[in-house]
Amino acid sequence: MQELLLAVARGLVDEPNSVRVSAEEPREDGTVVYHLSVAEGDMGRVIGKQGRIAKAIRIVMRAAAVRRGEKAMVEID
């Protein structure tokens, strides 16, 4: 799952080497929270106009997690 988030984020930014993804331990309900960090200048590219790109990233991650029988959340730091 982390590799998927890395691939998506690196495809969007100007500085792909600055993209970092970390995952928390699963919560009580089984949800894994992924934290996405990018360079300051790339933050707008990852969030998008009115948060549309961030919303799309979250949808893709949730769909991939459901396919694996998991729950996932993405937080952009």
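Refer to the structure presented above.
Scope of this entry: the structure provided in the associated data block.

### Regarding the packing of helix 1 (residues 2–12) against helix 3 (residues 52–67)
One way to put it is that helix 1 packs onto helix 3 with a least axis distance of 10 Å and a crossing angle of 155°. When the interaxial angle is binned, helix 1 and helix 3 end up roughly antiparallel. Judged by the sense of rotation from one axis to the other, the crossing of helix 1 with helix 3 is right-handed. Contacts between helix 1 and helix 3 involve Leu4, Leu5, Val8 and Leu12 from the first element and Ile53, Ile57, Val60, Met61 and Ala64 from the second. By residue class, the composition of the contact of helix 1 with helix 3 is nine nonpolar, no polar and no charged.

### A look at a nonpolar patch on the surface
A cluster of nonpolar side chains, contributed by Leu4, Val8 and Val60, occupies part of the molecular surface with about 190 Å² of accessible area. With respect to the helices and strands, leucine 4 occurs in helix 1. Given a relative accessible area of 31%, leucine 4 falls into the partly exposed group.

### Notes on helix 3
With 16 residues, helix 3 extends 23 Å between its outermost C-alpha atoms, agreeing within 8% with the 22 Å of an ideal straight helix rising 1.5 Å per residue. If you check which residues of helix 3 are buried, you get Ala54, Ile57, Met61, Ala64 and Ala65. For helix 3, the angular spread of the buried residues around the axis is 100°, confining them to a single face. In helix 3, those exposed residues whose orientation departs by more than 90 degrees from the buried face are Arg52, Lys55, Val66 and Arg67.

Thresholds applied
Residues numbered from 1 in each chain as written. Predicted model: local features only at pLDDT ≥ 70, side-chain atom pairs only at ≥ 80, totals over all residues. Heavy atoms only, no water. Axes fitted to C-alpha atoms, helices over the stretch in contact; angles between N-to-C directions. Helix = DSSP H or I, 4+ residues; strand = E, 2+ residues; numbered from the N terminus. Parallel < 35°, antiparallel > 145°, perpendicular 65-115°, else oblique. Left-handed = near helix turned anticlockwise from the far one by under 90°. Contact = heavy atoms within 4.5 Å. Nonpolar A, V, L, I, M, F, W, Y, C, P; charged D, E, K, R; others polar. Patch = residues over 30% accessible without salt bridge, like charges linked within 9 Å, V, L, I, M, F, W, Y side chains within 5 Å. Areas by Shrake-Rupley, 256 points an atom, 1.4 Å probe, with all protein chains shown as cover. Salt bridge = Lys/Arg side-chain N within 4 Å of Asp/Glu carboxyl O. Buried < 20%, exposed > 50% of the residue type's maximum accessible area, 1.4 Å probe, protein only. Expected span 1.5 Å × (residues − 1). Arc of directions from axis to C-beta.

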